[in-house]
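Observations on the three-dimensional arrangement
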Amino acid sequence: MKAVPGFPLMRPIELEDKALLAGLFKKYPPVISEFTFTNLFAWQHAYNFNISSIDGIFLVASLKEGDFHIFDPLGPFDAKEKIIRKCFLTWKNKRVLKFIRLPEKTAELFKKAGGLRLSEDRDDFDYVYLTQDVIGLRGRDFDGKRNFIKRFKDTYSFMYKKLLEDDVKECLSFQEEWCLAKDCQHTQGLTKERQAMREMLDNFEYLGMQGGMIEIDGKVEAVALGEPLDPETFVVHIEKANGSFMGIYQAINQLFCSKEAAGYKYVNREQDLGVSGLRRAKESYHPHHMVKKYTLVAEH
């Protein structure tokens, strides 16, 4: 692993950084879905993630159009306020420096801070569900979901399988077909997601991910990928299906969580990015709570 430079210097995150970052996430369990090594590595091309250090605390930053967007410092909570203030004080670059996706506990430290402006980042709030709700779908709130799944099971001859290394090639082919149907190359968000999913699948075993897939007539028609976020929470990174099979999205959601997340209290299904259709879909599963995130910038 290459040495981590001192702030404000930084270098790109690489595959060899897994031991360092995964170790930090284990030592300081995160609440935001961004903080798994898989997420940072897989979305590297989209967000240009870099790593730096200051006073022994590690920082993950996204270099976005020349500006520096830093995530919650990776270290003990009682050091975070001092580290964040020091970053602002030592920043001499003309580019914008801001802290993004800060969890509520860290954001609370700056609610009355002079010279700094704190704002909610609603589009990046994480949706967190009780695992028993996602798997059991009990009660009137989930009537529609259960009906879709029943229709899917009654209509199609399918097989759910745990995704193994030998299945990666088929899943990559499914991803390419899905992107062709959705015209990914002309939609920036889908292009980025396509690259991220490819990175996850190409490095599936090394990243230590869990995956599941649905086959219909021997062909992959749905894929889900996820991993533990903290001792109580399983995070779902990718859920993709051929929507021409009615109920397949509800089916892969329930089946994947029942097979991989059953030992966890919560399922984090990440953010909606402000996309109205995605927001409706995530709200329809009735989240137990949201992981709020905030942006912190210096006032001029």
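This text goes with the structure placed above it.
This text gives an overview of the structure that appears in the document. Quantities reported herein were computed from a predicted structural model and do not represent experimental measurements. (Residues numbered from 1 in each chain as written. Predicted model: local features only at pLDDT ≥ 70, side-chain atom pairs only at ≥ 80, totals over all residues. Heavy atoms only, no water.)

**Here we look at the state of the cysteines**
In a disulfide, the sulfur atoms of two cysteines are covalently bonded to one another. If you walk through the whole model with that rule in mind, you get one disulfide. The closest cysteine sulfur to the non-disulfide-bonded Cys171 is located on Cys179, 14 Å from its own sulfur. Overall, Cys171 belongs to the buried group, its relative accessible area being 0%. No disulfide involves Cys257; its nearest neighbouring cysteine sulfur is the one of Cys171, lying 17 Å away. By relative accessible area, which is 1% here, Cys257 ends up buried. (Disulfide = S-S within 2.5 Å. Buried < 20%, exposed > 50% of the residue type's maximum accessible area, 1.4 Å probe, protein only.)

**Some thoughts on helix H8 (residues 168-182)**
With 15 residues, H8 extends 21 Å from end C-alpha to end C-alpha; this agrees with the ideal 21 Å at 1.5 Å per step. If you check which residues of H8 are buried, you get Val168, Cys171, Leu172, Phe174, Gln175, Trp178 and Cys179. Buried residues of H8, seen end-on, are gathered within an arc of 160° and therefore sit on one face of the element. Exposed residues pointing more than 90 degrees away from the buried face of H8 are listed as Lys169, Leu180 and Ala181. Looking at the buried side of H8, the elements it contacts are helix H9 (188-202), helix H10 (204-207), strand S9 (210-216), strand S10 (219-230), strand S11 (233-241) and helix H11 (248-260). One or two residues past the end of H8 sits Asp183, with phi positive at roughly 55°. (Helix = DSSP H or I, 4+ residues; strand = E, 2+ residues; numbered from the N terminus. Expected span 1.5 Å × (residues − 1). Arc of directions from axis to C-beta. Contact = heavy atoms within 4.5 Å.)

**Topic: the nonpolar core**
Within the largest apolar cluster, 44 residues are counted, with the highest numbers of intra-cluster contacts made by Leu21, Leu163, Val223 and Leu225. For this core, the leading source of residues is H8, giving six residues. Leaving out residues up to four positions away in the same chain, Leu21 has contacts with Ile13, Phe37, Leu40, Ile51, Val60 and Leu74. Counting 25 residues, the second-largest nonpolar core is a separate cluster that includes Tyr160, Val236, Leu255 and Tyr285. (Core = buried A, V, L, I, M, F, W, Y, C linked by side-chain atoms within 4.5 Å.)

**Details of the sheet that holds strand S13 (residues 289-291)**
An order of S8-S9-S10-S11-S12-S7-S13 is seen for the seven strands of this open sheet, with the pairing classed as mixed. Both outer strands of the open sheet, strand S8 (158-162) and S13, are each paired with one neighbouring strand and no more. Across the sheet, the mean angle separating the axes of adjacent strands is 25° when strand polarity is ignored. Relative to S11, S10 runs antiparallel, the two sharing eight bridges. Bridge pairing in S11 links Leu225 to Ile238. Of the strands in this sheet, S10 and S11 are in contact with H9, which crosses S11 at around 115°. (Pairing = 2+ DSSP bridges. Axes fitted to C-alpha atoms, helices over the stretch in contact; angles between N-to-C directions.)

**Quick look at the pairing of S10**
Taken across its 12 residues, S10 has 10 buried, putting it largely inside the fold. Alignment of S9 against S10, held across seven bridges, turns out to be antiparallel. Paired with Gln210 across the two strands is Gly226, which belongs to S10. Connecting S9 to the antiparallel partner S10 that follows it, the hairpin turn spans two residues, and Asp217 within it adopts a positive phi of roughly 55°. Hairpin connection, S10 to S11: the antiparallel pair is bridged by two residues.

**Quick look at the pattern of salt bridges**
According to the stated counting rule, one finds 26 salt bridges in the structure shown. Between Arg11 and Asp17 there is a salt bridge, with the nearest N and O atoms lying 2.7 Å from each other. You'll find Arg11 and Asp17 in the same group, each marked buried. With a closest N to O distance of 3.3 Å, Glu108 and Lys111 form a salt bridge. (Salt bridge = Lys/Arg side-chain N within 4 Å of Asp/Glu carboxyl O.)

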